[in-house]
Amino acid sequence: MSSESIVKLSDRLRFQRQRFKEMMPTIPGTAYIFLAPFFITFVLFLAFPIFYTVYLSFFTYQGVASDPLFWVQFGNVYLEIPKIASLEFVGLANYQRLLRDSVFHQSMFNTIYVFAIELPLMVGLALGLAVVLNAGFTRFKGIFRSLMLLPVSANTVAYSVVFVVIVAEGGLLDFIFQLFGIAPLNWLGNGFWSRNLMAFMVVWRWTGYNMIIILAGLQTISESLYEAAEIDGASRFQKFRYITIPQLKPVLLFVLVTTTIGSFKKFSEPTILIGAGAPVKETRTVVYYIYEVAFQNLQLGYGSALTVVLVGIVMSLSVIQLKWS
């Protein structure tokens, strides 16, 4: 088929398509029909829970009542459906209770303590490792990147249990300490060491992830900036301070904000540590306390108030970091 024939056939198909489009009826709002699944999912699973949590924070709500709605028994199998408890409006009473709640204050202190340790450690290590891996003299970069990223693939519960086994009395860490004549530390029995162990666990798991993000940011910095700095006689530290850090500011901001959010919603690590015998007072985080209040004690109104306050604190810290950057 010649090129002229192909052009004629293409024009004929284009005209037929335009004619078919003109014959089709125009349905107003067609775009919204295709967008509807997203908006429905967003409202049901994100927007509604948020607004309903704020709504419940002004009520006392036990979730279920003690009286059964109905019950069914098949031999030894007994099934009971409880009644839904009624809501009672209490205004700001839940928030006033929060101000007097010493357990909440302690859990918030534990969360901030772990956050203050893991944030500089995690970001500092990730930045240092990323700079080393981005250097021209480093060999086997792919192997090191893969090894550093392996902890992220570990299941949260699984790696927490492994850490508990390592630091348990008579475990691997005690054995290593004995080889060097160091007295073993009571990681799970002492509240101070249990709290620090939780921070080290998170640093071990997420440093590699943040390193990969920072490394990707380093690779976007133009080499011409460093070459110009070398011509001007800048030292290695000056290039790092005046070129690398300013160019990495958006990436570092992303790492800081995501690390902050992740630190304040810590749940699996304290759950495993507390289950292994760690002191509850020193290892209870805010999210773990919300779980105790809402799902163990079924005080859903007070649990909702705790959740609203926690979200407000995380949002405030994120805004401060954004403004500071």
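For the structure, check the block above.
The paragraphs below set out a description of the structure included in this document. (Residues numbered from 1 in each chain as written. Predicted model: local features only at pLDDT ≥ 70, side-chain atom pairs only at ≥ 80, totals over all residues. Heavy atoms only, no water.)

Next up on the list: the packing of helix α2 (residues 30-56) against helix α15 (residues 300-324). Viewed as axis vectors pointing N to C, α2 and α15 meet at an angle of 115 degrees, and their least axial separation amounts to 7 Å. The handedness of the crossing between α2 and α15 is left-handed. Contacts from T53, V54 and L56 of α2 reach α15 at G301, S304, T307 and V308. For the contact of α2 with α15, the class distribution of residues is three nonpolar, four polar and no charged. (Axes fitted to C-alpha atoms, helices over the stretch in contact; angles between N-to-C directions. Helix = DSSP H or I, 4+ residues; strand = E, 2+ residues; numbered from the N terminus. Left-handed = near helix turned anticlockwise from the far one by under 90°. Contact = heavy atoms within 4.5 Å. Nonpolar A, V, L, I, M, F, W, Y, C, P; charged D, E, K, R; others polar.)

Applying the stated criterion across every chain, the model contains 19 aromatic pairs. Aromatic pair F58 and Y95: ring centres 5.8 Å apart, planes at 50 degrees, arrangement tilted. In this pair, F58 is assigned in the loop between α2 and β1 (59-60) and Y95 in helix α3 (residues 93-100), connecting sequence segments 37 residues apart. Assessed through its relative accessible area of 19%, Y95 is described here as buried. By way of ring pairs, the aromatic residues F48, Y52, Y55, F59 and F89 are connected into one cluster. Positioned above the aromatic ring of Y302, the side-chain terminus of R97 is 3.7 Å from the ring centre. (Phe/Tyr/Trp six-rings, centres within 6.5 Å; stacked < 30°, edge-to-face > 60°. Buried < 20%, exposed > 50% of the residue type's maximum accessible area, 1.4 Å probe, protein only. Lys NZ or Arg CZ within 6 Å of the ring centre and 35° of its normal.)

Let's shift gears to the side chain of S107. Summarising the element assignment, S107 is placed in helix α4 (residues 102-134). A polar side-chain atom of S107 sits 2.8 Å from the main-chain carbonyl oxygen of F104. Residues within four places of S107 in sequence aside, it is in contact with R284, T285, V286 and Y289. (Polar contact = N/O pair within 3.5 Å; in protein donor to acceptor, adjacent residues only side chain to side chain.)

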